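# Coordinate inspection notes
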Amino acid sequence: MDFPHAAVAFAAAFAAGMINSVAGGGTLVSFPTLIWLGLPSVTANATSTVAIWPGAWSSLLGYRREVRATSARMLLLVVPSIIGGVVGALLLRWTPPSIFDMLVPFLILFATLLFMAQDPIQRRLKRANMAGHESNRWLAGAMMFQLFVALYGGYFGAGIGILMLAALAVLGLTDIHQMNGLKNFFGGCINGVAALYFIWAKMVYWPYTLTMLVGALVGGYAGAGTARLIGRTAVRRLVILIGFGMSVSLFVKLFTK
């Protein structure tokens, strides 16, 4: 890894940390950048997950008061989050690189579309009356849904936030700040167990991992002010533009091999 490659990786992680601090979706920057730097797609995915994960926990601190006020039954979603995260990471390990290469453009496009849908869905959830969805049957359904979300999260990761917000709405939550706090907590669990497995299985490329870990932490802390000056809407539009641009370029690369 020479200096120009290291600088690009650091800049991508800095941007991902900054984006995650105000809008989420930083993986749509960090993961494709690693592919274009020459890492195999599976290694790029694992490296991005490990590098970005520590910085993602810092955003949880802003919601700690709302999370503490949450009903204990909501914490049961930790169980499918951890199980799904591990199984998703195992699936990534077992997926042949050639198959994952074909899936990557579709995964990035899917994650970008989810990211686009986040604000409209959040506005809808604010207005929805889910107070009656507090039975054990609804809880079991939400846990099953969360298991599939965690499977996807452990396998790829980008875009899981909006899926988790939907699961929490099913359980009757209406406070969007509380929902965002729980989303960050469960997402940290999913990506955390996946990251630990990727490290154990030696799936990460450490020179980029360490460089991007620092970049993401610095970006999440120092870049948040810049991102707020730009505005959340502008940041979201930038992420969507990057997501679509990366998916189109990878589709072209896939079909012109």
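Residues numbered from 1 in each chain as written. Predicted model: local features only at pLDDT ≥ 70, side-chain atom pairs only at ≥ 80, totals over all residues. Heavy atoms only, no water.

### A closer look at the overall build of the protein
Heads up, the condition is: Strands here mean DSSP runs of E at least two residues long; helices mean DSSP runs of H or I at least four residues long; both are numbered from the N terminus. Under the scheme applied here, a residue whose accessible area is under 20% of the maximum for its type counts as buried, over 50% as exposed, and between as partly exposed, the area being computed with a 1.4 Å probe on protein chains only. In this analysis, two residues are considered to be in contact whenever any of their non-hydrogen atoms come within 4.5 Å of each other. Shrake-Rupley sampling with a 1.4 Å probe provides the accessible areas, and residues are treated as covered by the protein chains on show and by no other component.
A count of helices and strands for the protein gives eleven helices and zero strands. Element order for the protein, N to C, with α for helix and β for strand: α-α-α-α-α-α-α-α-α-α-α. Counting all 257 residues of the protein, 51% fall into the buried class. For the protein, the share of sequence-separated contacts (at least 6 apart) that also reach a separation of at least 24 residues comes to 83%. Surface exposure of the protein reaches about 12,100 Å², of which carbon and sulfur atoms provide 70%.

### Here we look at unusual backbone geometry
Located in the positive-phi region is Lys 202, a residue other than glycine, with phi close to 60°. Take Lys 202: it is sitting in the loop between helix H9 (176-200) and helix H10 (206-230).

### Let's talk about the environment of Phe 156
Mapping Phe 156 onto the fold places it in the loop between helix H7 (136-155) and helix H8 (160-170). The residues touching Phe 156, leaving out its near neighbours within four places in the chain, are Phe 31, Asn 45, Phe 100, Leu 107, Ile 108 and Ala 111.

### Some points on the confidence of the model for the protein
Keep this limit in mind: Residue-level confidence of the predictor, termed pLDDT, takes values from 0 up to 100.
Confidence in the prediction of the protein, expressed as mean pLDDT, is 78, and 79% of residues score 70 or more. Predicted confidence in the protein is weakest over helix H4 (residues 64-68), with a mean pLDDT of 71, and strongest over helix H5 (residues 78-94), with 92.

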